[in-house]
Amino acid sequence: CNASLTHELEGLRQQARGSPGTTVEAPFIHWGEEGRQELGSLKRRFILPFAAEKRPHGNRGPVEIVPWQSQGLQGSSNIDVPEELRDDMSRPVEMTLSAIQEEANDYVGHRFPLELLTTREDPWLFVCVREWLRCPEAIRLTGLLAHLFYWRCFAYLHHASERLPTRTHQSLVLTIQELWSRLIEPARARLGRRGELLARDAPSGISFVTAAFLLAIKRGTEQVFLAQYERTFTDTDHGAALSQQLADQINVMAMNLFDPDCAQACFGALDSSVEAIQIWRKLHVMQMKLGLTPATR
């Protein structure tokens with residue numbers, strides 16, 4: 001991952017060509033219903049403005065708009081686990097990096113609807129981004145985020161003497177931020193003019209590549225919890241509510257660590273729909289009530 005995206009892109013092209021004079025086109029994935037359903041699920045959980053909508057259980061009652069900066073989400077990061085499920089959640093994250101790698105390879109390679117997040121139609125860009133999302137830095141970042149998240153949201157399940165020491169917590173945060181910088185800086189600084197043309201998706205200058213990285217990392221962190229604590233998050237009575245809190249707090253943690261203005265939590269290609277425009281309008285009103293303006297958000 002220390003090599004630039006352009007270098008890796010050219011390497012992938014040469015590998016695909018096989019021999020001089022042979023031209024091989026990168027495959028462009030045309031997503032069907034399965035891809036559209038996965039996009040809808042990602043929007044509801046992690047992509048603004050859609051993820052700010054909170055629908056009541058059973059879709060009964062009005063839909064609320066809850067900014068990630070709201071006191072309700074920022075005030076307490078604890079996810080309240082019912083007593084009958086606490087034994088399951090009292091085990092710290094045990095998922096290995098190899099297991100995270102295997103899951104990421106499958107999801108990024110076969111189920112991540114990257115092409116639906118942009119209007120660009122450059123297959124080689126998507127090939128390169130997918131390779132980047134499976135690199136060691138991305139996998140290690142996902143694993144460390146999962147550990148940080150556990151102690152951020154479930155430390156209360158442990159005696160004070162068993163919790164993550166403050167110094168270790170601070171060191172973990174610094175390591176995570178360094179990994180994030182190492183993951184995105186080549187995309188930000190070394191793509192060159194071609195990268196500017198390919199990776200910019202909106203007049204506001206939001207980077208499609210960086211937003212895609214953040215989305216995949218958040219989803220990967222969530223998957224660690226859904227896999228290890230399957231009993232809790234599939235519980236008939238409490239699973240749905242706990243899963244919503246899980247996604248909300250992952251969004252809050254990622255915002256606080258990497259993206260304080262939420263510029264990397266949305267995609268220009270998705271913002272032009274009537275639905276998105278209406279939700280953005282409501283979300284901006286709620287943010288203004290919190291004293292957040294485009295200059296301070």
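What you see is a predicted model; the values in this text were computed from it and never measured.

Criteria and cut-off values
- Residues numbered from 1 in each chain as written.
- Predicted model: local features only at pLDDT ≥ 70, side-chain atom pairs only at ≥ 80, totals over all residues.
- Heavy atoms only, no water.
- Helix = DSSP H or I, 4+ residues; strand = E, 2+ residues; numbered from the N terminus.
- Buried < 20%, exposed > 50% of the residue type's maximum accessible area, 1.4 Å probe, protein only.
- Contact = heavy atoms within 4.5 Å.
- Areas by Shrake-Rupley, 256 points an atom, 1.4 Å probe, with all protein chains shown as cover.
- Expected span 1.5 Å × (residues − 1).
- 1 Å grid on protein atoms, 1.4 Å probe; cavity = no way out; pocket = protein on both sides within 12 Å on 5 of 7 lines; lining within 4 Å.
- Points joined across faces, edges and corners; volume = space filled by probe spheres on them.
- Nonpolar A, V, L, I, M, F, W, Y, C, P; charged D, E, K, R; others polar.
- Core = buried A, V, L, I, M, F, W, Y, C linked by side-chain atoms within 4.5 Å.
- Disulfide = S-S within 2.5 Å.
- Axes fitted to C-alpha atoms, helices over the stretch in contact; angles between N-to-C directions.
- Parallel < 35°, antiparallel > 145°, perpendicular 65-115°, else oblique.
- Left-handed = near helix turned anticlockwise from the far one by under 90°.
- Patch = residues over 30% accessible without salt bridge, like charges linked within 9 Å, V, L, I, M, F, W, Y side chains within 5 Å.
- Salt bridge = Lys/Arg side-chain N within 4 Å of Asp/Glu carboxyl O.
- Lys, Arg positive; Asp, Glu negative; His and termini not counted.
- Charge placed at Lys NZ, Arg CZ, Asp CG, Glu CD.
- Arc of directions from axis to C-beta.
- Phe/Tyr/Trp six-rings, centres within 6.5 Å; stacked < 30°, edge-to-face > 60°.
- Lys NZ or Arg CZ within 6 Å of the ring centre and 35° of its normal.

1. As for the overall build of the protein
A count of helices and strands for the protein gives 13 helices and two strands. Within the protein, the proportion of its 297 residues that are buried is 49%. Here the contacts in the protein between residues at least 6 apart in sequence split such that 82% fall between residues at least 24 apart. Summed over its atoms, the accessible surface of the protein is roughly 14,900 Å², and 51% of this surface lies on carbon and sulfur atoms.

2. Re helix 10 (residues 208–228)
Residues spaced three or four apart along an α-helix face the same direction, because each turn holds 3.6 residues. Here helix 10 spans 31 Å end to end across 21 residues, near enough to the 30 Å set by a 1.5 Å rise per residue. The buried count for helix 10 comes to 19 of 21 residues, which makes it a mostly enclosed element.

3. A closer look at empty space enclosed by the protein
One pass over the structure, following the stated rule, counts four cavities of 30 Å³ or more. Looking at the largest cavity, its volume works out to about 150 Å³. Looking at the largest cavity, it is lined by 16 residues, and the ones nearest its centre are Glu 103, Ala 104, Thr 142, Ala 216 and Gly 220. Elements that contribute at least two residues to the lining of the largest cavity include exactly helix 5 (97–110), helix 7 (136–153) and helix 10. Ranked by residues supplied to the lining of the largest cavity, first place goes to helix 10 with six residues. Across the lining of the largest cavity, the residue classes break down as 11 nonpolar, three polar and two charged.

4. Structural notes on the layout of surface pockets
Estimates place the volume of the largest pocket at around 850 Å³. Put simply, the parts of the chain that give the lining of the largest pocket at least two residues each are helix 2 (33–46), strand 1 (53–54), helix 10 and helix 12 (239–258). Residue composition of the lining of the largest pocket, grouped by class: eight nonpolar, 11 polar and 11 charged.

5. Some details on the nonpolar core
Ranked by internal contacts, the top residues of the largest apolar core, which has 83 residues, are Leu 117, Phe 154 and Phe 225. The residues touching Phe 154, leaving out its near neighbours within four places in the chain, are Ile 79, Val 81, Met 89, Phe 149 and Phe 225.

6. Observations concerning the state of the cysteines
Scanning all chains against the criterion turns up zero disulfides. Free cysteine: Cys 262, not disulfide-bonded; nearest cysteine sulfur from Cys 266 at 8.1 Å.

7. Examining the packing of helix 7 against helix 10
Two numbers describe how helix 7 lies on helix 10: the axes approach to 9 Å, and their chain directions differ by 55°. By the angle between their directions, the pair helix 7 and helix 10 is classed as oblique. The element helix 7 and its partner helix 10 pack so that their crossing is right-handed. Two secondary-structure elements touch here, helix 7 through Ala 138, Leu 141, Thr 142, Leu 145, Ala 146, Phe 149 and Tyr 150 and helix 10 through Ile 217, Gly 220, Thr 221, Val 224 and Phe 225. Tallied by class, residues from the contact of helix 7 with helix 10 come to nine nonpolar, three polar and no charged.

8. Thoughts on a negative patch on the surface
A cluster of acidic residues, Glu 83, Glu 84, Asp 87 and Asp 237, forms a negative patch at the surface. Its location among the elements puts Asp 87 in helix 4 (residues 86–89). For Asp 87, a relative accessible area of 65% puts it in the exposed group.

9. Things to note about helix 5
Helix length check: helix 5, at 14 residues, gives a terminal C-alpha distance of 20 Å against a target of 20 Å (1.5 Å per residue), a fit within 8%. Among the residues making up helix 5, those that are buried are Ile 100, Glu 103, Ala 104, Tyr 107 and Val 108. The buried residues of helix 5 occupy an angular sector of 120° when projected down its axis, which confines them to one face. In helix 5, the exposed positions that point more than 90 degrees away from the buried face belong to Ser 98, Glu 102 and His 110. Turning to helix 5, the residues buried within the fold contact helix 2, helix 6 (123–133), helix 7 and helix 10.

10. Section: the packing of aromatic side chains
All chains considered together, the criterion is met by 11 aromatic pairs. Look at Tyr 150 and Tyr 229: their rings are 6.3 Å apart centre to centre, the planes differ by 20°, and that puts the pair in the stacked class. With a gap of 79 residues between them, Tyr 150 in helix 7 and Tyr 229 in the loop between helix 10 and helix 11 (230–233) connect regions that are remote in the sequence. With a relative accessible area of 1%, Tyr 150 lands in the buried category. Of the residues examined, Tyr 229 reaches a relative accessible area of 0% and is grouped as buried. Sitting over the ring of Phe 50, Lys 43 keeps its end group 4.3 Å from the ring centre. Sitting over the ring of Tyr 107, Arg 219 keeps its end group 3.6 Å from the ring centre.

11. Considering the side chain of Asp 88
Summarising the element assignment, Asp 88 is placed in helix 4. Given a relative accessible area of 10%, Asp 88 falls into the buried group. If we ignore the near neighbours within four places in the chain, the residues touching Asp 88 are Gln 228, Tyr 229, Arg 231 and Thr 232.

From the geometry alone we can't say anything about function, so treat these as descriptive.
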